[in-house]
Amino acid sequence: MDLADLSVAEAGARLRAGEVSSVDLLDAVRRRASMTEAILHAYLTIDHAGARAAAEAADAALARGEDFGPLHGIPIALKDNMVTRGIETTCASRILAGYRPPYDATVVERLKRGGAVIFGKTNLDEFAMGSSTENSAYGTTRNPWDPDRVPGGSSGGSAAAVAVGSAFAGLGSDTGGSIRQPGSLTGTVGMKPTYGLVSRYGLIAFASSLDQIGPLTRTVDDSVTVFEAIAGHDPSDATSYRGPLPEVRSALDAGVKGLKVGIVRELSGEGTEPDVAASFQVTLDLLAGAGAEIRELSLPSTEYALSAYYLIAPAECSANLARFDGVRYGPRLPGKSVEEMMSATRRDGFGPEVTRRILLGTYALSAGYYDAFYGQAQKVRTLVINDFRRAYAEVDVLVTPTSPTTAFAVGEKAGDPLAMYLSDICTIPSNLSGDPAISVPCGLDSSGLPVGFQVLAPALGEAVMFRVAKAVERLSRFTARPALATSEGAA
Amino acid sequence: MIPAGAWCLEPGAWCLVPGAWCLPGTIRFMPVDIDITKVARLARIGLTAEELAAYSTQLQGILEHAARVQALPSEGVAPTAHPLPMVNAFRPDEVEPTLDREEVLAQAPDREGPYFRVPPFLED
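Residues numbered from 1 in each chain as written. Chains lettered and ligands numbered in written order. Predicted model: local features only at pLDDT ≥ 70, side-chain atom pairs only at ≥ 80, totals over all residues.

**Q** For this particular structure, what's the right way to read the overall build of chain A?
**A** Assigned secondary structure in chain A consists of 16 helices and 11 strands. Taken against the 2.2 N^0.38 rule, which gives 23 Å for 491 residues, the C-alpha radius of gyration of chain A at 21 Å falls within 12% of a compact globule. With 491 residues in all, chain A has 63% of them scored as buried. Put simply, of all contacts in chain A between residues at least 6 apart along the chain, 77% involve residues at least 24 apart. (Helix = DSSP H or I, 4+ residues; strand = E, 2+ residues; numbered from the N terminus. Rg over C-alpha atoms; globule rule 2.2 N^0.38 Å. Buried ≥ 20, exposed ≤ 12 C-beta atoms within 10 Å, placed from the backbone. Contact = placed C-beta atoms within 7 Å.)

So, in structure tokens, the structure goes:
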């Protein structure tokens, strides 16, 4: 087996046993990237020199007997909306072309403190707005299972890199499903923590009441490892949670016997591809066979969640993206007045989807429309939260397919924003509620594309969420690897 | 018949646009009425007439879907701005290191000494 295909846990074990060095691990992902990037385009920037220096430092530290933790010496990919000091950070937008941030995001600092090697910055839908990574200003990322298809989005670059082995793990950000949906479409584990558990300081904001950073990995164990490395209070993020972090390790392998698992009626029917529904059902049967009690529940407000999301997210984005005005960073177009300069710079710098959402949000927040749109959407948000609260009085976790479809073809939904938005129908409710959720691969469809199984838990319920996810991983015995990874691995 | 670009509110509900088109009887419709030129100006995005027209059509479609939120009864429901039950976060009022000024200004498209430089705000 090629080193690039090892999990974080396996790579770490070999590193500590002295069988491989961090430089070896880095060389393995560099080699995998050099063989796959021309097709996939998962990365926007690879920091060869910085990664090499970090890997050598990690090896030197281990040789001195200093072990910074389970990510020590492990090459990791970062979605390019997390700032990295001195390394270009673009959000896949022309408006940040050439931007070299003067600081590291808190998650980057935490990864570095844990000894991780930052390998590169991955592609995304511009400013994380999209579900396919087609909205990048720097080209589409392809799915390693079938390069004619999208990897999902917006964290499609991190998902594709982790799936193909050009990173051992990656970070994504999830505003409406942007970690979990690409996890589902690339056969990786994508996790969104409880709102507030992971600092967003240095995450370039899209919709502040919804955004959360989380891991993309090849196993549930690795997801736990990365989650533990990045979670924790940060005074630099005003929304950072101050209480104790959930302890997720001890019950991880406890199985599902006696757990109550709820199926959401509104999120598992209409619009779901038959193969996805079939894989979902097979996994439910496996969970039932392992002793879980399956119940069907209704969350009536989730039918309105998508509509509420497409008011709240654009409204917040229109405010957050006001800072990109050609004054402090990024390129500037000329103008006789400040307004002309800003209008020209923003028109040139933002792509169509970002422009569409800024206009939508500006409209929804403008005088006379605020109550009817944004105000009403915030009330829907309360109703969604109430629905979840009622559900969790009856069950330990809720489960849904992560995405109603497997990976779709490049270009298939690009011309129809509404159709694209519908691919987030199962993931959006937990962003509105702030609860944790994870996507675990559970099978393949008839074309050989991965299907994701989503586990949702109440706020701070990461322990039971990871526990059920681990059971799904074990029971579904998902070991398939994308064609692009195995063809190279065999070479 | 429901006209394109309209959304049905509850019977007797208020209407955003006075004199909006209504069905005979009690049901009223709220046309999704977008002054796209004004919205683009507020957003500081300088679009051409053609682009404005295209975005206007797309926004109408999305807003008609999004306007479904108005169909959900929400009498007495408090809005949620944020999923955490917290109001404000304070830190001790102590001086801490800040970003390096030169490093920050090095990213600016134009500067004058220690300042960001921009075109004039006011016309002569």
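**Q** Sorry if this is basic, but what is going on with the overall build of chain B here?
**A** In terms of helices and strands, chain B carries three helices and four strands. For chain B, the sequential pattern of α-helices and β-strands runs β-β-α-α-α-β-β. Looking at chain B as a whole, 19% of its 124 residues qualify as buried. Summarising the internal contacts of chain B: among those between residues at least 6 apart in sequence, 28% fall at separations of at least 24.

**Q** Please explain the interface of chain A and chain B as it appears in this structure.
**A** Between chain A and chain B, the contact holds 62 residues from the first and 46 residues from the second. By residue class, the composition of the side of chain A that touches chain B is 31 nonpolar, 20 polar and 11 charged. (Nonpolar A, V, L, I, M, F, W, Y, C, P; charged D, E, K, R; others polar.)

**Q** Is there a simple way to explain helix α2 (residues 22–40) of chain A in this structure?
**A** Think of an α-helix as 3.6 residues a turn; residues three or four steps apart then line up on the same face. Residue and element names in this part refer to chain A. Along α2, the sharpest kink reaches roughly 40 degrees, centred on Ser34. Buried within α2 are the following residues: Ser22, Leu25, Leu26, Ala28, Val29, Arg32, Ala33, Met35, Thr36 and Leu40. Phi turns positive one or two residues past the end of α2, at His41, with a value near 55 degrees. (Bend = angle between axes of the 7 residues up to and from the residue.)

**Q** Honestly, the sheet that holds strand β1 (residues 43–46) of chain A in this entry has me stumped. Any pointers?
**A** Each strand in a sheet pairs with another by means of backbone hydrogen bonds, the pair being arranged parallel or else antiparallel. Residue and element names in this part refer to chain A. A sheet is described by the order of its strands in space; here 11 strands give the open sequence β1-β3-β2-β4-β6-β5-β10-β11-β9-β7-β8, paired in mixed fashion. On the outer flanks of this sheet lie β1 and β8 (293–297), each paired with one strand and no other. With strand direction ignored, the average angle separating the axes of adjacent strands in the sheet is 30 degrees. Across the sheet, helix α7 (residues 220–230) touches β4 (169–174), β5 (189–192), β6 (212–217) and β10 (437–444), and the angle it forms with β6 is around 145 degrees. (Pairing = 2+ DSSP bridges. Axes fitted to C-alpha atoms, helices over the stretch in contact; angles between N-to-C directions.)

**Q** Is there a simple way to explain the nonpolar core in this structure?
**A** Where a protein is soluble and globular, its nonpolar side chains tend to be buried together. All names here are of chain A. Within the largest apolar cluster, 161 residues are counted, with the highest numbers of intra-cluster contacts made by Ile76, Val117, Leu311, Val397 and Val455. With 10 residues, the single largest contributor to this core is helix α9 (residues 305–320). Not counting residues up to four positions away in its chain, the partners in contact with Ile76 are Leu71, Leu111, Ala116, Val117, Ile118, Phe119, Ala167, Phe168, Ala169 and Gly170. Ranked by size, the runner-up nonpolar core spans seven residues in total, among them Trp145, Val150, Leu185 and Phe408. (Core = buried A, V, L, I, M, F, W, Y, C linked by C-beta atoms within 7 Å.)

**Q** What should I look at first to understand the pairing of β5(A) in this one?
**A** A regular strand carries its side chains on alternate faces of the sheet. Residues and elements named next belong to chain A. A two-sided burial pattern is seen for β5, the buried positions comprising Val189 and Met191 on one face and Gly190 and Lys192 on the other. Where β5 and β6 come together, two bridges link them in antiparallel fashion. Bridged to Gly190 within β6 is Leu216. The pairing of β5 with β10 spans three bridges and is classified as antiparallel.

**Q** Can you walk me through unusual backbone geometry in this structure?
**A** Glycine aside, residues mostly have negative phi angles, and peptide bonds mostly take the trans form. All names here are of chain A. Put simply, Gly153 and Ser154 share a cis peptide bond, and its omega is 10 degrees. Notably, Thr133 is not glycine yet its phi reads approximately 65 degrees, a positive angle. Along the chain, the position of Thr133 falls in the loop between β3 (117–122) and α5 (156–164). Residues other than glycine seldom take positive phi values, yet Arg477 does so here, at roughly 45 degrees. Looking at the element boundaries, Arg477 is found in the loop between α15 (462–476) and α16 (483–490).

**Q** Explain the pairing of β3(A) to me, please; I cannot follow it from the model alone.
**A** All names here are of chain A. Burial of β3 is extensive: six of the six residues sit out of reach of the surface. Across three bridges, β1 lies against β3 in antiparallel orientation. Residue Ile46 lies in a different strand from β3, and its bridge partner there is Gly120. Taken together, strand β2 (residues 75–79), helix α4 (residues 106–113) and β3 constitute a β-α-β crossover, and its handedness is right-handed. (Right-handed = clockwise from strand over helix to strand, strands pointing away.)

**Q** For this particular structure, what's the right way to read helix α8 (residues 274–289) of chain A?
**A** Residue and element names in this part refer to chain A. Between the first and last C-alpha of α8 there are 22 Å, a value that for 16 residues agrees with the 22 Å anticipated at 1.5 Å per step. When α8 is considered as a whole, its buried residues turn out to be Val276, Ser279, Phe280, Thr283 and Leu287. Buried residues of α8 fall within an arc of 100 degrees about the axis and therefore sit on the same side. In α8, the exposed positions angled more than 90 degrees off the buried face are occupied by Pro274, Asp285 and Gly289. (Expected span 1.5 Å × (residues − 1). Arc of directions from axis to C-beta.)

**Q** What is the right way to read the confidence of the model for chain B from this model?
**A** Note: predicted coordinates in regions of low pLDDT should not be interpreted at a detailed level. Residue and element names in this part refer to chain B. Put simply, chain B has an average pLDDT of 75, and 73% of its residues get 70 or more. In this model, residues 1–29 is a region of pLDDT below 50 whose contacts with residues beyond four sequence positions or in other chains number 42 contacts. Predicted complex metrics record ipTM = 0.90 and pTM = 0.93. (pLDDT = per-residue confidence, 0-100.)

**Q** What's the story with the packing of α9(A) against helix α11 (residues 352–365) of chain A in this structure? I'm lost.
**A** When two helices pack together, their arrangement is given by the angle between the helix axes and by the axis-to-axis distance. Residue and element names in this part refer to chain A. Running from amino to carboxyl end, α9 crosses α11 at an angle of 100 degrees, the nearest separation of the two axes being 7 Å. With respect to their mutual orientation, α9 and α11 come out roughly perpendicular. The segment α9 lies against α11, with Leu311, Pro314, Ala315, Glu316, Cys317 and Ser318 engaging Arg357, Ile358, Leu360, Gly361, Thr362, Ala364 and Leu365. Classifying every residue of the contact of α9 with α11 gives eight nonpolar, three polar and two charged. (Parallel < 35°, antiparallel > 145°, perpendicular 65-115°, else oblique.)

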